[in-house]
Amino acid sequence: MLSADLLSNALVAGVLLGGFYAAVAIGLAISFGQLDIVNIAHPAFVIVGSYIAWILNSRFGLDPVLIGVLATPLFFFVGVVMYRIYYAAFERTGQESLSGLAFFFGVMFILEVGLMLVYGVDYRLVSASYLGKSFHFGWIGVPLRMLVPFTVALVMTGGIWLYLSRTFMGRAILAVAQDPLALQLMGADPVRIKQFAFGLAIATTSVAGSLLIMIGPVEPSIGRDYIGRVFAIVVLGGMGSISGMFIAAMILGVVESVVSTFAGPSWAPAVAFGVLLLTLALRPSGLFGRR
Amino acid sequence: MKLRVNAFWVSCAVVVGGGLMLTEVLHNDYYFNAMYVILQGTLMAVAWNILGGFTGYVNFGSAGFFAVGAYTSIFLDKYFGHALPLPVLIAAAALVCALIGLGVGYLSLRLKGVYFSIATLAMAIVFATLISNWRYMGGARGAYILTPETFLWFHSYIQMLFMVILLLTLGAVAISRYLNTSRLGRGLAAIRDDEVAAECAGVPTLRLKLISTTLMGALMGIAGAPYPFFVTFVDPASAFSLFVAVNAIAMPMIGGTSHWIGPVIGAVLLGSMQQVITVTVSSELNVLLVGLMLVGFVTLAPQGIVGLAQKYWRRRAR
Amino acid sequence: MIKRRSFMRASLASGVVALALASGSLVSFGAQAAQPIKIGFSMALSGGLAGAGKAALIAMQIWKDDINKKGGLLGRPVEFVYYDDATSPSTVPGIYTKLLDVDKVDLVVSSYGTNEISPAMPIVMRKKLVFPSLFGLAVNDQFNYNRYFQIMPAGPEPKLDWSKGFFELASQQHPKPETVAIIAADSDFALAAAAGARENAKKFGFKVVYDKTYPPGTPDFTPIVRAIQAERPDLVFVASYPPGSVGIVKAAREVGLKAKMFGGGMVGLQFAGIQKNLGPMLENIVNYHFWVPAKTLNFPGINEFLKKYEQAAKGKGVDPLGQYLPPYAYAYMQVLGQAVEATHGMNQAKLAAYMHKHTFDTVVGKVKFGSNGEWAQTRMLMTQFRNVKPNDLDQFRKEGTQVVLYPHQWKSGTMVYPFDK
């Protein structure tokens with residue numbers, strides 16, 4: 001049963017899937033990993049991104065990835081507004097843990113039902129010329145439907161990682177999580193920086209959403225399947241580490257894929273979350289966590 | 001001191017008496033159905049609050065405990081061929097879930113804050129997957145339980161279930177009230193406010209946390225045990241549903257997490273609204289309702305209804 | 001202070017009960033004063049099955065309007081009382097007890113889907129009501145209720161009949177295929193269908209070389225399809241819900257699945273939006289359906305109904321063509337209505353007896369129920385997609401894109417075999 005070509009294909013499929021998971025989780029790696037904001041509505045924003053991709057794709061035939069990128073300013077703005085509300089209501093008063101969580105639960109439900117009421121509950125799909133084709137390298141098959149999201153995810157993660165480590169604003173974001181007081185003393189306003197970071201986090205959901213609807217059909221409540229996954233990835237990778245998140249996403253994708261292939265798909269969620277529990281038990285700061 | 005205790009137990013007796021009276025006077029099963037759901041939500045909310053509100057550890061995996069309680073009930077019922085009476089099933093579910101709660105308590109040693117919450121979520125998903133793959137329990141196809149038409153002197157089975165859950169809920173409230181007002185409760189509050197300081201001050205944090213998680217687990221299991229008999233068909237998707245978990249958090253938050261009556265108020269309020277919406281407008285609005293109420297209360301009234309009431313009384317007292 | 005709080009709690013509790021009582025009595029008072037015949041049900045209007053549930057509701061409302069235009073039932077107008085069960089089994093008992101005890105409906109029908117029909121069964125059984133049901137697989141196997149009627153044309157042995165056509169077609173090919181792979185979604189109907197497929201495989205002499213389930217929420221099916229491919233099965237039987245159906249078809253095309261027959265029990269390949277999106281990927285897939293545009297299935301009234309449905313469905317975010325559930329939702333209301341008229345009343349025992357004995361004329365043809373409430377004869381169609389053009393919704397309105405292969409009396413074309421030609 002353990003044949004070389006089956007295993008190598010499972011690994012490749014896992015890596016591609018992991019890349020997609022990274023695209024979905026990167027926003028949370030910023031908002032939760034670095035800013036400590038428990039944004040449980042993150043997958044719901046991704047679904048909104050999927051719907052925008054669907055609308056523009058079915059009406060104007062635009063490429064989904066293009067739509068995802070074009071819509072980022074809108075999502076960024078929404079992120080900034082959300083953060084301002086969150087800050088005024090919670091962070092300023094120091095209530096963030098439970099109340100912030102409940103707040104985002106509320107936002108998640110509002111987004112989900114909003115989509116249901118406006119667009120109904122039928123499954124939505126997109127079409128693009130490359131969906132359905134695949135490359136073959138020897139016995140390894142690489143479907144474009146998975147390769148394109150993987151590539152986009154890689155570019156997005158790489159871009160954000162570079163931004164955070166090389167630019168002033170980026171490093172300010174990393175600093176604000178670690179020591180807001182020191183940052184203030186250096187003359188930067190922590191609130192403005194966090195606001196920008198959260199906006200950036202939500203902006204990524206626009207792209208992630210368009211990738212999601214390329215991979216499979218979308219309806220408003222499927223965001224719930226991703227809540228566990230994205231938090232698991234961020235925690236597994238280590239809070240605050242973008243590269244850790246990417247590797248964690250890879251691990252999750254590969255584990256799911258290999259277990260699916262050899263043991264049976266029904267065990268994949270248990271194994272994935274079992275891995276998470278094990279990591280938390282043995283090394284709570286995650287693989288590359290800073291704290 | 002004496003007066004305080006009397007007031008509480010008297011109201012409990014009044015509620016129980018009122019419930020019994022209703023079973024004689026009211027013949028529409030629908031109301032008992034609706035009240036059962038509201039009471040179940042109350043029980044879950046009170047249980048959650050023991051760990052969440054009193055001790056400060058947020059449990060995302062409430063649905064896991066609830067579902068394990070329900071499935072323990074189904075398993076024993078099937079295995080012994082319907083021979084075991086409901087109280088035995090409830091006790092068994094309580095035991096199983098208390099043990100899981102104990103495990104979760106040890107988990108809290110290594111994990112704090114949001115890590116703990118994510119671990120509880122992961123645990124619920126692992127349980128859901130295990131049960132989905134367990135063919136004897138029907139797996140993902142679900143399990144059926146057939147219930148008799150009447151039971152003892154009650155006019156219908158649901159009336160009996162209603163009384164059962166009413167008693168269970170009152171019991172949970174009593175436990176919660178005891179925790180809140182006792183020395184134990186002050187220890188829990190110390191952990192919630194600053195665990196490290198509490199440890200330094202000599203509070204036996206591990207023991208208290210274990211008590212807290214075990215109680216929470218047991219009570220949630222108790223909430224789940226009669227559920228299969230209420231709904232007659234249980235499948236992992238509905239038992240482990242996110243909505244159960246969110247309600248368990250939303251109800252105490254809306255009512256107020258620091259006082260034992262908070263979850264009760266939140267549950268009765270939110271639960272009743274949900275029941276009314278289900279049979280009037282549309283069920284998807286229930287989800288919207290929870291969302292709006294959460295956002296509303298959490299931004300405007302973070303201490304919940306109890307907090308609002310306390311502010312009001314304080315202002316009156318001036 | 002403390003006394004006030006406990007008091008507050010007790011009075012709050014009694015206040016809620018009083019409110020519930022008051023609203024309940026108001027509703028029932030209102031109900032008894034009117035004359036119409038009330039048909040009560042719950043329907044999946046939100047949640048996973050809502051796409052089909054909403055479409056079914058539209059069809060049922062078309063029936064209600066049609067029947068009221070003709071003067072109603074027994075000369076009285078027909079009204080629906082329905083609530084959204086959110087595709088959640090736990091809401092169903094509460095809804096049906098409200099319908100019966102508070103709203104005091106005259107007749108009940110079911111919700112959509114196995115998981116939404118089952119929880120209502122104990123309640124309707126207790127009240128000995130006739131229960132026409134909409135698309136649940138083998139629900140009555142558990143209850144053996146003699147007043148249950150299922151409009152889904154699975155047949156007298158629903159679990160087996162569901163996949164019988166697929167395996168029978170396979171056994172008729174030369175040379176006879178040997179192996180079969182079974183993949184099913186981890187939920188009610190799909191698992192039942194897979195169980196039936198296993199039995200059929202044994203009966204027809206095929207060896208099962210892969211037999212697994214996948215959890216809902218699986219994003220990518222490539223590893224699963226590759227694992228199936230690795231066993232080199234001749235037949236691939238899939239029992240899936242829309243996300244899985246789409247994912248498995250796409251993955252199969254990407255991987256280049258080599259099989260002699262592919263399909264079976266995939267829900268979703270009957271939905272217009274999905275058909276349009278998959279387009280040529282559907283080529284040669286043999287899948288179940290209950291009605292397609294074909295000469296052999298041109299029942300009286302079906303085309304008029306579909307036109308009315310298409311009009312009514314515009315802008316509602318549901319399946320635009322409505323070929324899957326809506327005709328049957330209309331038909332089962334027709335069955336109920338005809339039974340009420342024929343027995344001149346709503347005596348549940350008489351209705352049940354009539355419904356067991358007679359053959360009904362509906363938009364989906366002649367409907368006859370067996371003793372267990374299922375169809376006396378199966379009409380699970382096995383259809384094959386042919387000459388599917390990309391991005392074209394209209395082709396699915398016409399004959400030819402979905403060719404009926406089985407059962408024999410409805411056959412409209414010959415099979416293209418093998419699948420990977």
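Everything that follows concerns the structure shown earlier in this document.
Heads up: these notes are all about the structure in this document. Because the structure is predicted, anything quoted here is derived from the model rather than measured. (Residues numbered from 1 in each chain as written. Chains lettered and ligands numbered in written order. Predicted model: local features only at pLDDT ≥ 70, side-chain atom pairs only at ≥ 80, totals over all residues. Heavy atoms only, no water.)

## Section: the pairing of strand 2 (residues 78-84) of chain C
Residue and element names in this part refer to chain C. With five of seven residues buried, strand 2 is to be regarded as a mostly interior element. Sheet topology note: the strand 1 (residues 37-43)/strand 2 ladder contains seven bridges and is parallel. Following the sheet pairing, Phe41 is matched in strand 2 by Tyr82. With helix 2 (residues 50-69) bridging strand 1 and its parallel neighbour strand 2, the resulting β-α-β unit is right-handed. (Buried < 20%, exposed > 50% of the residue type's maximum accessible area, 1.4 Å probe, protein only. Helix = DSSP H or I, 4+ residues; strand = E, 2+ residues; numbered from the N terminus. Pairing = 2+ DSSP bridges. Right-handed = clockwise from strand over helix to strand, strands pointing away.)

## A look at the interface of chain A and chain C
When the parts of a complex come together, some accessible area is lost, and that lost area is often taken as the interface size. Counting residues at the interface gives 39 residues for chain A and 34 residues for chain C. Between chain A and chain C, a total of about 2900 Å² is buried, with carbon and sulfur atoms accounting for 60% of that surface. Along the contact surface separating chain A from chain C lie two salt bridges. The residue A:Arg145 makes a salt bridge to C:Glu254 at a minimum N-O spacing of 2.6 Å. (Contact = heavy atoms within 4.5 Å. Buried area = accessible area lost by both parts, 1.4 Å probe. Salt bridge = Lys/Arg side-chain N within 4 Å of Asp/Glu carboxyl O.)

## Describing helix 14 (residues 348-357) of chain C
Residues and elements named next belong to chain C. Along helix 14, the positions that sit buried rather than exposed are Gln348, Leu351, Ala352, Tyr354 and Met355. Taken around the axis of helix 14, the buried residues stretch over an arc of 165 degrees, which confines them to a single face. Sitting at the head of helix 14, Asn347 places a side-chain oxygen 2.9 Å from the backbone nitrogen of Ala349. (Arc of directions from axis to C-beta. Polar contact = N/O pair within 3.5 Å; in protein donor to acceptor, adjacent residues only side chain to side chain.)

## Comments concerning the pattern of salt bridges
Residues and elements named next belong to chain C. For the coordinates displayed, the defined rule picks out 18 salt bridges over all chains. Here Asp101 makes a salt bridge to Lys127, at a shortest N to O gap of 2.8 Å. With Asp101 in helix 3 (residues 92-102) and Lys127 in the loop between helix 5 (121-126) and strand 4 (131-133), this pair connects stretches of sequence that are 26 residues apart. Classification of Lys127 as partly exposed rests on a relative accessible area of 42%. Put simply, Lys295 and Glu399 hold a salt bridge, and the shortest N to O gap is 3.7 Å.

## Overview of the environment of C:Pro407
Residue and element names in this part refer to chain C. By the secondary structure assignment, Pro407 is in the segment after strand 14 (402-406). For Pro407, a relative accessible area of 8% gives the class buried. Each C-alpha atom of the pair Pro407 and Leu169 lies 9.4 Å from the other, and the pair is 238 residues apart in sequence. Ignoring any residue separated from it by four or fewer positions in sequence, one finds Pro407 in contact with Thr378, Met380 and Leu381.

## Observations regarding the packing of helix 12 (residues 242-255) of chain B against helix 13 (residues 261-278) of chain B
Residue and element names in this part refer to chain B. Where helix 12 meets helix 13, the axes come as close as 6 Å, and the angle between the chain directions of the two elements is 120 degrees. Taken together, the axis directions place helix 12 and helix 13 in an arrangement best described as oblique. Crossing angle aside, the handedness with which helix 12 passes helix 13 is right-handed. Contacts between helix 12 and helix 13 involve Phe243, Asn247, Ala250, Met251, Pro252, Ile254 and Gly255 from the first element and Gly262, Pro263, Gly266, Ala267, Leu270, Gly271 and Gln274 from the second. For the contact of helix 12 with helix 13, the residue count by class is eight nonpolar, six polar and no charged. (Axes fitted to C-alpha atoms, helices over the stretch in contact; angles between N-to-C directions. Parallel < 35°, antiparallel > 145°, perpendicular 65-115°, else oblique. Left-handed = near helix turned anticlockwise from the far one by under 90°. Nonpolar A, V, L, I, M, F, W, Y, C, P; charged D, E, K, R; others polar.)

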